[in-house]
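Okay, here's what each chain looks like letter by letter:
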Protein chains: 6
Amino acid sequence: MRIDNRKVDELRSVKVVRRFTKTSAGSVLISAGDTVVLCTASIATELPGWIKPEEGKGWITAEYNMLPGSTPTRKKRDRDGHLDGRSAEIQRLIGRSLRATLDRVALGPRLITLDCDVLQADGGTRTLSITGAMIALIDALATIPDLASFPLTDSVSAVSVGLIDSAPMLDLCYQEDVRAEVDMNVAMTGSGKFIEVQGTGEHALFDRSQLNELLNLAEKGCRELTQIQKDALGADWPF
Amino acid sequence: MRIDNRKVDELRSVKVVRRFTKTSAGSVLISAGDTVVLCTASIATELPGWIKPEEGKGWITAEYNMLPGSTPTRKKRDRDGHLDGRSAEIQRLIGRSLRATLDRVALGPRLITLDCDVLQADGGTRTLSITGAMIALIDALATIPDLASFPLTDSVSAVSVGLIDSAPMLDLCYQEDVRAEVDMNVAMTGSGKFIEVQGTGEHALFDRSQLNELLNLAEKGCRELTQIQKDALGADWPF
Amino acid sequence: MRIDNRKVDELRSVKVVRRFTKTSAGSVLISAGDTVVLCTASIATELPGWIKPEEGKGWITAEYNMLPGSTPTRKKRDRDGHLDGRSAEIQRLIGRSLRATLDRVALGPRLITLDCDVLQADGGTRTLSITGAMIALIDALATIPDLASFPLTDSVSAVSVGLIDSAPMLDLCYQEDVRAEVDMNVAMTGSGKFIEVQGTGEHALFDRSQLNELLNLAEKGCRELTQIQKDALGADWPF
Amino acid sequence: MRIDNRKVDELRSVKVVRRFTKTSAGSVLISAGDTVVLCTASIATELPGWIKPEEGKGWITAEYNMLPGSTPTRKKRDRDGHLDGRSAEIQRLIGRSLRATLDRVALGPRLITLDCDVLQADGGTRTLSITGAMIALIDALATIPDLASFPLTDSVSAVSVGLIDSAPMLDLCYQEDVRAEVDMNVAMTGSGKFIEVQGTGEHALFDRSQLNELLNLAEKGCRELTQIQKDALGADWPF
Amino acid sequence: MRIDNRKVDELRSVKVVRRFTKTSAGSVLISAGDTVVLCTASIATELPGWIKPEEGKGWITAEYNMLPGSTPTRKKRDRDGHLDGRSAEIQRLIGRSLRATLDRVALGPRLITLDCDVLQADGGTRTLSITGAMIALIDALATIPDLASFPLTDSVSAVSVGLIDSAPMLDLCYQEDVRAEVDMNVAMTGSGKFIEVQGTGEHALFDRSQLNELLNLAEKGCRELTQIQKDALGADWPF
Amino acid sequence: MRIDNRKVDELRSVKVVRRFTKTSAGSVLISAGDTVVLCTASIATELPGWIKPEEGKGWITAEYNMLPGSTPTRKKRDRDGHLDGRSAEIQRLIGRSLRATLDRVALGPRLITLDCDVLQADGGTRTLSITGAMIALIDALATIPDLASFPLTDSVSAVSVGLIDSAPMLDLCYQEDVRAEVDMNVAMTGSGKFIEVQGTGEHALFDRSQLNELLNLAEKGCRELTQIQKDALGADWPF
C-alpha cells in the first residue's frame, strides 16, 4: 500500500483550470495531488537572436521556477543571477519536450514562452509542468488568427515513475521520491511515442528488466494524462 | 464616470482566499478587480545576520515579484542578479508597512518572510500586496504555539489614490494609473493612523489642497479594506 | 534645543561651489552642515533604448552613490553588481524630482545624467543631492548652444523633516535622523508646488495633524533652499 | 558505412594517459577519436556546507568545462557568472554517475572534485568525461594512505548511442551527433547495471523497439570501455 | 615645448588638502594640474579572511575608482559587478606600493583601506593616488593611540614618465599620455629605492639607453614629490 | 646552487608541441620545467565593438586561465563572474606583448584570440604563456590564405627574473618565486628591444644596480627563448 493509499500503477488526482489568469495567451493552473503549477504561455514576435526571421520559423522555450512558498522550508529566490543547476536542467527538459511535436514552419516567426511557476511542490513538478504547459500552449495557439495549419502534430504529456523497495510505482509524491532507489521521468506523445526517457539510479542501480517495468508504468500513466488533457480541452482538442 | 464604471471614491471588488496553498504558514490569494497577488508567509528561526539572537527580538521582511505571465507583454525574470529598482523599492515599502505595528519582543527570535508574487497585474499591486500579506501574516502568527502575547498591535492595509484630469480617484486600475498626473500610495493602521504616505507628481505638480483631497480618499479606502480583512479572518481577527 | 543648537525650523548652513571640476558640463560641490555631495551633470546624445530619437525628446536620469570614506565605518563599494535597495530607491527619487519641471521637447534628443556622489554623510543626503543637482543641471543646460527655449519651467529643491520626541523638526542631521519617529522627504518647485511627499513612520505612526505640521516645515525649508540656489546662480538664474 | 569508416557497433579508438599532470592526486588525458578531455581529481578535507563532518561521510562532485579552443568556432568562456544550462546539466550527470558506486562511509570525510576540461570536442564529451574521470578517481583514491576498505564497489563507464537515418549507432562523433534523430547517453557499472539512461528525441520520436536496440548497443559499448579502463589501470585495477 | 609649457623634466603643480572630509581617519584631496584624487584612509579591526588574528599582523589594501564625472565623456559606473581589468590592475599596484615600507607587526591586527576616488582625470591618476594615499595613510596612522613604533619605515611616492616623439618626459598629462610611445610608472621610497617599475611600449619598443633615461627622470620626479609630501605634513612628517 | 640544480642564469628545460589540438588555427602545448600551458589561437572575422570594420585593421587579444587541477590545492573556477585581479592583469600583459610587433593593417579586419590555459603551474606561467602564444600565433597566421605581407614585424618572448637572498636569478620556479625579494617580468622582441618591464619589490626594495643586473639576465633568457621558438618553428619561422 502506498503512503496516500494509491495503487502502484495509479496516478494522483489531476485538476485543470484553464484561463486561470487572462493576461497571457494561455494560462493553466494544474494540480496533481498537492503539486500545483501555474503554466502561462506568452506569444512574442521577437525571435531569439540565433533564428533568422527570413527563415519564417518559430520557437518554443520554457522557464521553470519554484515560488519561495512552494516548499515547507521557504525556497530562496534565484536573485543572485545564478540559476541553480537543477532548475536549468528542468527547464531545458520542458522546452525540448514541448518542441518535440512542433512544426516550426507552421508556427511562423513567433516565440512562445511557457512559464511554469510551481506554487506548491509535492513531487513530479517537472512532469506536471510539461502536461499543464501543453494545455496552455494549445490555448495560446488558438489565439493566433491566421495559421495555415495547426503547428503541433501531436500532444505531449509526461510522468515520473520509480523503484521503491524494488517495486515499480507510478507518479511519485515527494515522500516517495526521496525514498526512491531509481527515479525516471518519461515524456510521450498522445499517440504513444517516446520523447524523453531520463532514468537515474539515485540510491541503487537497475537492470534491464526493471527498466522495462518502469517503462510499462510510464506508458500507462502518459496514456491517462493524455485523456485528462483531452477532457480539459473538450471541443478545443486539436488532434 | 470611470473606465470600469466605478464611482471616484469606490474600491474595486476584493476577493480573499485564505490557505490557497498549504506548504506555508500563511497563504492568501487576494484579488482586487483584475490584480491578483499570492501572499505567502514563511516562519524561520534563522535571523538575519545583523540581529543578535540573544536580544530575543524577531523581524518581518518582504519580497515582491511579478510573474512573467502577469502582464500582457511577458515580463522578463530577474535572472541576471539585478533586482530592478522598482521591485527593490516596492518590497522595502511592503516590509516597512508590515513592521509598523510589530512588537519585536512579542514575536521572539523568528524571521517571517512575506512573499508577494503578482500573478496578474492591473494596477495597485504594491498596496494589494500589503493588504493581502497582512492576512497571511495573521494566519502565520496563529500557527506559533507559545506566544505570550500577539505580536501585532494593529492591522495594516494600503491603497493607491491619484489625480486624473485633476480629479482625485480611489484605487487606480492600470489604465487609470498610466494616465494619472499624481499617484499616491498610502498605508494605514486599522485604527486610522498613517504608516506611509508616498505621493509623486508623475506628469503634474500638486498643491496642498489636492494633497488633502487625496488623503481623504485614501483614509476612506483603507477603512473599507480593514473591514474586508476583518471579514476574511472572521473569528481569527486578533484585534 | 537641538543637538547642533539649531531652532526646530532652522536649516543647516548650506555652501555651494559651482564648477568644482571642469570635466563635466555642470559640477557642484554642495554641503549642508557636515553632509557633502558632489553633483556632476553630463550631457550625451545617446538616448536610453526606450526613447525613439525621432520623437525629438530628451531625458534626465540620476545616479546616487556613497563613497567608502563618507561614513565613519567604511562603506563597502557596490562591486558585486547588486545595487542596494536603498540606493536604487534614492536615485529613482532624485531622477523623478529633477524631471518634474522638465520640458522634454525643449531639451531635445539629449540624455543628461546627474551623478550625486556623497563625499561625507551626515543625514539628508538624498534631499541635498536634489538641491545641488538642480544647480549643476542649470549650469549644464547653459552650455547647450542652440536651445529654442529653456527646458526647465521651474527650479526644484528638497528637504527632510521629521518628528523627534513628537516634535516636528526641519533638516535632520544623522543623529536626529536615527532617533526620528517619523521621517519625511519633500521635493518642491521654486513656486511652491509639491513634486514628492514621502513620509514614513519608522518607530511610530502619525496622524493627520502631525502630517500637516511636517508639511508646513518642509514648505518653509524648500522656500529657503530655493533662495540659496538663486543666490548661488546669481545672474545665471533662469526663471 | 559511417563517416569515419566505423561499423555501426564500433567504438572510436580510445587512448588513456595516466598522470598527465602531477599537481593533482589523479590526472588522466583521455581521447576517443578526436575528442580529448583532461580529467583531474583533487582531494580536499573541507566538505560542502550541507555535510556534517561528524557523520564521517565523504562526497564526490564534478565540474565540466569546454576550453575556448576546443571547438572550431572559439567557445566564449563563462566569465559572466552564468554557467550555461548545458554545462550545468552535464556536470550534474558526471557527478551522479561517479557517485553511483561510492561507499560514502568508506571514503571518510573527504571531498573529491573531478574536473573534466574538454581540450578538443568531437562528440561524446560528457560520456568520455565519465569514463576518464573514473580512472582519475581510482588513481586519486590510491593516494589516500589509510582507507579501511576501497570506497568504490564497482567501476563506471559511459557511452552515447543514437538513431541516424533510423539506424542505431554506437559512440557518435560530432557530425553524426548533429544529424541524429535520437540521442541517448548511458552510464553503466563494470558489472553491467544501469546508472543513467538519458534518451532524447531531438528531431524524431522513438518507439519501444528502437529504445531496446539502442540499449543493446550501449551495453556493448560500456562493456568494451570497462575493459579499456581495466587495461589502462593494469595492476592498479581495484575490483 | 610641452602642451602646457612645462619643461621635459618638470612636474605639474601639486596641491594637497589634508582632512578634506572628517569621517575618515585620513582624508587627502590631492591635485596635479587638472588631475584630482580624493584619498581616504579607513581603519578597521576586521582583518581579511586569510590573515590569522593571532599572528598580530596588519594589512593595507587599496581601492581605485573613477567617478562618472571625472572624464569629458561620462564614465559608466562598474555596477554590473565586473571591475574592469584596468582598475583591478591599478588598485593592486597602489596596494603593493603602500605596503612596500610597512612593518606589519608594528601596525598590529588592523586593516587600513585606502580609497582613491578620481574626481577629475587628466593623466597620472594611479601615481597621484599613491602619492596622495601615502599622506592620508600617515594621517590615519597618527590617530592610532598606542602604537609601539611607527609602522612605516619610509615614505612612498610615484610618478609617470614616457617617451613622446622619442623624447623622455616627466609626469605626462592626458594629451601627452595618449601620444606616448612608451609609458612607465615608477614608485619609489623617500630614500630613493625602487618599489615598482612598470614600463610598457604602447606604440613602440624601447632599448636599454632609453629605459635608463626614463628612470633618471622618474628618480627626479619622485624626489620632488617626496619633498611635497614632507611640506604638506610639516611637523607630522614621521621619518 | 638552486633548488633544481640550475645555474643562476640558466633557463628551465623548454618543450614545445605544435598542433597539440586541431580545432584551433594555432595550438601549442609548451612546458618549462613543471609549468605547462596550452596556448590556442582562434581567428574570427567579428571585431570588438570599438573597431570600425571600414578601417581594415585587426586586433589580437588574450585570455589567461588556470585550470582547477593546475595547483596542488585545487584552484576554484571563476564561475561567479568576477575574474580575479591577478588573472585580469596577466591577460592584459599577454595581449599587449603579442600586439607589440603587430602591423594591424597587414592583419586586416580579423580578431585573433590567444587562449592561455595553464594545465600545471610551477612559476612563470605569464611569461611562458607569452612565449608559447607567439608560436601558436605564427602558426595561426600561416593559415590565412591571402595576406599581402606577414602581420608581425618581429617575434616576442618573455621571462621572469628575480632577486633571491640578494642574488639575481633567471626563470624562477614556484618555490623560488615565493621567496624572491624582487620579481620582474620582461617581454622582449627577437631583435632585443624591450616591450614590457614589470619589476616589483615584493619583500624588499631594489636599487639601480640591482635593476641593471636583473635586466642583463632577462636579456639573456629572452635571447635563448627566441632561439627555442625558432627551432620549434623550423622552416615556418617567418622573420
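Preceding this section is the structure that the text describes.
So, how was this worked out
What you see as residue numbers is a count from 1 along each chain, following the sequence as written. In the order they appear in the text, chains get letters beginning with A and ligands get numbers beginning with 1. Given that the model is predicted, a residue must reach a pLDDT of at least 70 before its local features are reported, and side-chain atom pairs must reach 80 or more before they are shown or counted; all residues, however, enter totals for whole chains, interfaces and linings. The basis for every side-chain value is the complete set of non-hydrogen atoms in the structure, without hydrogens or water. Overlaid copies result from least-squares superposition on C-alpha atoms, with residues included only where pLDDT is at least 70 in both. By the convention used here, residues are in contact when the closest approach between their heavy atoms is within 4.5 Å. The salt bridge definition used is simple: a Lys or Arg side-chain nitrogen within 4 Å of an Asp or Glu carboxyl oxygen. Secondary structure is summarised from DSSP: a helix means a run of H or I of at least four residues, a strand means a run of E of at least two, and numbering begins at the N terminus for each. Accessible area is worked out with a 1.4 Å probe on protein chains only. A residue is then buried under 20% of its type maximum, exposed over 50%, and partly exposed in between. Axes, fitted as lines to C-alpha atoms, cover a helix only where it is in contact. Angles between the N-to-C directions of the axes lie from 0 to 180 degrees. In what follows, roughly perpendicular refers to angles from 65 to 115 degrees, roughly parallel to angles under 35, roughly antiparallel to angles over 145, and oblique to any angle outside these ranges. Crossing handedness is read from the near helix: turned anticlockwise from the far helix by less than a right angle, it gives a left-handed crossing, and turned clockwise, a right-handed one. Residues are grouped as follows: Ala, Val, Leu, Ile, Met, Phe, Trp, Tyr, Cys and Pro are nonpolar; Asp, Glu, Lys and Arg are charged; every other residue, Gly included, is polar. Buried area counts how much accessible surface, traced with a 1.4 Å probe, disappears from two parts once they are put together, with both parts' losses summed. The term polar contact refers here to a pair of N or O atoms within 3.5 Å; inside protein, the definition further demands a hydrogen-donor-capable atom paired with an acceptor-capable atom, and it admits residues adjacent in sequence only when both atoms are side-chain atoms. Strands pair, by our definition, only if DSSP identifies at least two bridges between them. Here a pair means two rings of Phe, Tyr or Trp (six-membered ring of Trp) with centres within 6.5 Å. Their orientation is stacked below 30 degrees between planes, edge-to-face above 60, and tilted elsewhere. To estimate the expected span of a helix, count its residues, drop one, and scale the result by 1.5 Å.

S.K.: How should the relation of the copies chain B and chain A be read in this particular structure?
M.R.: Between the two copies of the chain lies a relationship made up of a rotation around an axis and a movement along it. The operation relating chain B to chain A is a screw motion whose rotation component is 180°, with 0.0 Å of axial translation and a residual RMSD of 0.0 Å. Overall, the copies show the geometry of a two-fold rotation axis. The overlap is high: 100% of the interface residues of chain B also sit at the interface in chain A, so the same surface is used on both sides.

S.K.: Teacher, can you tell me more about the pattern of salt bridges here?
M.R.: Opposite charge on two side chains makes pairing possible when the charged atoms of those side chains draw close. All names here are of chain B. Using the criterion set out here, one finds 131 salt bridges over all chains in the structure. D236 is paired through a salt bridge with R18; the nearest N and O atoms lie 2.7 Å apart. Here D236 is found in the segment after α5 (208-233), whereas its partner R18 is found in strand β1 (residues 14-18), with 218 residues between them in sequence. Given a relative accessible area of 41%, D236 falls into the partly exposed group.

S.K.: Before we go on, may I ask you to explain the packing of helix α1 (residues 85-99) of chain B against helix α3 (residues 125-141) of chain B in this structure?
M.R.: Helices that pack against each other are described as a pair by the angle of their axes relative to one another and the distance between those axes. All names here are of chain B. Look at α1 against α3: their axes get within 10 Å of each other, and the N-to-C directions meet at 40°. In terms of their interaxial angle, α1 and α3 are classed as oblique. In the crossing of α1 with α3, the sense of the turn from one axis to the other is right-handed. On α3, the residues that touch R86, I90, L93, I94, S97 and L98 of α1 are T125, R126, S129, I130, A133, M134 and L137. Taken together, the residues that form the contact of α1 with α3 break down as 8 nonpolar, 3 polar and 2 charged.

S.K.: What's the story with the interface of chain B and chain A in this structure? I'm lost.
M.R.: Many analyses report the size of an interface as the accessible area lost when the parts associate. Residue-level contacts link 33 residues of chain B with 33 residues of chain A. Taking both sides of the interface into account, the surface hidden between chain B and chain A amounts to around 2,600 Å²; carbon and sulfur atoms contribute 48%. Our enumeration of links across chain B and chain A arrives at 12 salt bridges. Where D115(B) meets R74(A), a salt bridge forms, and the shortest distance between an N and an O atom there is 2.6 Å. Our count for the contact surface shared by chain B and chain A stands at 20 residue pairs in polar contact (both at pLDDT 80 or more). Looking at the side of chain B that touches chain A, the elements with two or more residues in it are β3 (35-44), β4 (59-66) and β5 (111-120) of chain B. Grouping the constituent residues of the side of chain B that touches chain A by class yields 10 nonpolar, 13 polar and 10 charged.

S.K.: Would you mind going over the sheet that holds strand β3 (residues 35-44) of chain F with me for this structure?
M.R.: Picture the strands of a sheet paired through backbone hydrogen bonds; they go either parallel or antiparallel. Residue and element names in this part refer to chain F. One open sheet accounts for 5 strands, arranged β1-β2-β3-β5-β4; its pairing is mixed. Each of the sheet's edge strands pairs with one partner strand only, and the pair in question is β1 (14-18) and β4 (59-66). Recorded for the sheet is a direction-independent mean angle of 15° between the axes of neighbouring strands. Taken together, the 9 bridges between β3 and strand β5 (residues 111-120) define a ladder with antiparallel strand orientation. Note on β5: the bridge partner recorded for V36 is Q120. Most of the contacts of helix α3 (residues 125-141) go to β3, to which it runs at about 40°, and overall it touches β1, β2 (26-32), β3, β4 and β5.

S.K.: Looking at this model, I keep getting lost on the packing of aromatic side chains. Mind explaining?
M.R.: In this structure the tally under the stated criterion is 27 aromatic pairs over all chains. Pairing W50(D) with W59(D) gives two aromatic rings, centres 4.7 Å apart and planes at 90°, and the pair type is edge-to-face. Exposure remark for W50(D): the relative accessible area of 53% places this residue in the exposed category. A residue is classified by how much of its surface remains accessible, and W59(D), at 18% relative accessible area, is buried. Considering the side-chain rings of W237(F) and F239(F), the 5.2 Å spacing of their centres and the 80° angle between planes classify their relative orientation as edge-to-face.

S.K.: Help me understand the environment of V37(C) in this model?
M.R.: Residues and elements named next belong to chain C. Relative to the assigned elements, V37 resides in strand β3 (residues 35-44). What makes V37 buried here is its relative accessible area of 0%. On a C-alpha basis, the gap between V37 and L128 in space is 7.4 Å, while along the polypeptide they are 91 residues apart.

S.K.: Can you help me understand the packing of helix α3 (residues 125-141) of chain E against helix α5 (residues 208-233) of chain E in this one?
M.R.: Residues and elements named next belong to chain E. One can describe the packing of α3 onto α5 by two numbers: an axis separation of 10 Å at closest approach and a directional angle of 35°. You can see that α3 and α5 cross each other, and the crossing is right-handed. Facing α3, whose interface residues are T131, M134, I135, I138 and D139, α5 presents L225, Q229, A232 and L233. A per-class count over the contact of α3 with α5 returns 6 nonpolar, 2 polar and 1 charged.

S.K.: Explanation requested: helix α1 (residues 85-99) of chain E in the structure shown.
M.R.: Since there are 3.6 residues in each turn of an α-helix, residues three or four apart along the chain are aligned in direction. Residues and elements named next belong to chain E. Between its first and last C-alpha atoms α1 spans 21 Å; for 15 residues at 1.5 Å apiece the expected length is 21 Å, and the two agree. Counting buried positions over the 15 residues of α1 gives 11, a clear majority of the element. Taken together, the buried positions of α1 are S87, A88, E89, I90, Q91, L93, I94, G95, R96, S97 and L98.

S.K.: Could you clarify how one ought to interpret the pairing of strand β3 (residues 35-44) of chain E in this entry?
M.R.: One face of the sheet, then the other: side chains in a regular strand alternate in exactly this way. Residue and element names in this part refer to chain E. By the criterion of burial, β3 is predominantly enclosed, with 8 of the 10 residues buried. Where strand β2 (residues 26-32) lies against β3, 7 bridges are found, and the strand directions are antiparallel. Directly across from V28, in β3, lies its bridge partner C39. Hairpin connection, β2 to β3: the antiparallel pair is bridged by 2 residues, and G33 has positive phi, about 60°.

S.K.: Teacher, can you tell me more about the side chain of S157(F) here?
M.R.: Residue and element names in this part refer to chain F. For S157, the position within the fold is in strand β6 (residues 156-164). For S157, a relative accessible area of 0% translates into the label buried. Within the local environment of S157, its side chain forms a polar contact with the backbone oxygen of C222, the two atoms lying 3.3 Å apart. Apart from the residues lying within four places of it in its own chain, the contact partners of S157 are I130, T131, V186, A187, M188, C222, L225, T226 and Q229.

S.K.: Even after reading the chapter, I still don't get the environment of C173(F), so can you show me in this structure?
M.R.: Residue and element names in this part refer to chain F. Relative to the helices and strands, C173 is located in the loop between β7 (167-170) and α4 (174-179). Residues C173 and E219 lie 46 residues apart in sequence; the distance between their C-alpha atoms is 18 Å. Look past the residues within four positions of C173 in its chain and what remains in contact with it is D4, R6, R12, D122 and G123.

S.K.: Can you walk me through unusual backbone geometry in this structure?
M.R.: Among all residues except glycine, the phi angle is most often negative; among peptide bonds, the trans geometry is most common. All names here are of chain A. Positive phi, normally seen in glycine, also occurs at R19, with a value near 55°. With respect to the helices and strands, the residue R19 is situated in the loop between β1 (14-18) and β2 (26-32). Non-glycine residue D165 carries a positive phi angle of around 45°. You can see D165 is positioned in the loop between β6 (156-164) and β7 (167-170).

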